[in-house]
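Summary of structural features
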Amino acid sequence: MKLPFHIIELLKRKSENDLRLPSDCEQLSLDIQGKTGVRIGATTLKRLLGFAQDERQPHTSTLDVIARYLGFAHWDELSKIEDNGNSDFNSSDDEVRSADLQYGDEVEITYLPDRKVLFAYQGSNRYRVKLSENSKLQVDDEVEILNFVLHHPLLVVQVWREGTSLGQFTAGRISGLSSIKIIST
């Protein structure tokens, strides 16, 4: 189960943590423990924030701890708070998670000023760059990407060029991704 977008946004604000990387879940875990006295493991938080593909339902006690951390009495009270019309990143138009793709699917992104990159999914969060227009990424680069989120920067966890690791790469740092298109095989 992935938490609803608006609850993830509440967690970001409360923790003062962007929660953009799986490693951010360890810091969130420590903050929750410090404020509630109860530990929620980083692995559980990764599932709840959508970094890990796992549809298991969390224990009610885990959800209650998150609610208490956010200032609510229990999960039932927190879950009644609605998004109030804000965009929901659970829709496929706004977010594409690598865990939801099939081998060979292609993801095309654009970002300002005039960048366009086409990725072919290879499995296990890895892609091969098939097309690169005005981007620092090059055709045949291999990259690791967890998700693509419209209007947010693209965080490439790792870039490999001709077998050599180039480290992390961020695309659309200022204005985020302008478009995301999935081409299924």
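Residues numbered from 1 in each chain as written. Predicted model: local features only at pLDDT ≥ 70, side-chain atom pairs only at ≥ 80, totals over all residues. Heavy atoms only, no water.

1. Overview of the pattern of salt bridges
Applying the stated rule across the entire model yields 10 salt bridges. Lys12 is the partner of Glu9 in a salt bridge, and the nearest nitrogen-oxygen pair spans 3.1 Å. Residue Glu9 and its partner Lys12 are both found in helix H1 (residues 5-15); the two are separated by 3 residues, about one turn of the helix. With relative accessibility at 19%, the residue Glu9 sits in the buried group. Residue Lys12 is classed as partly exposed on the basis of its relative accessible area, which comes to 21%. The partner of Asp31 in a salt bridge is Lys35, and the shortest N-O contact between them spans 2.7 Å. (Salt bridge = Lys/Arg side-chain N within 4 Å of Asp/Glu carboxyl O. Helix = DSSP H or I, 4+ residues; strand = E, 2+ residues; numbered from the N terminus. Buried < 20%, exposed > 50% of the residue type's maximum accessible area, 1.4 Å probe, protein only.)

2. Section: the confidence of the model for the chain
Of the residues in the chain, 93% reach a pLDDT of 70 or more, and the chain-wide mean stands at 88. Contacts of residues 83-92 to residues separated by more than four positions or lying in other chains number 16 contacts, the stretch itself having pLDDT below 50. (pLDDT = per-residue confidence, 0-100. Contact = heavy atoms within 4.5 Å.)

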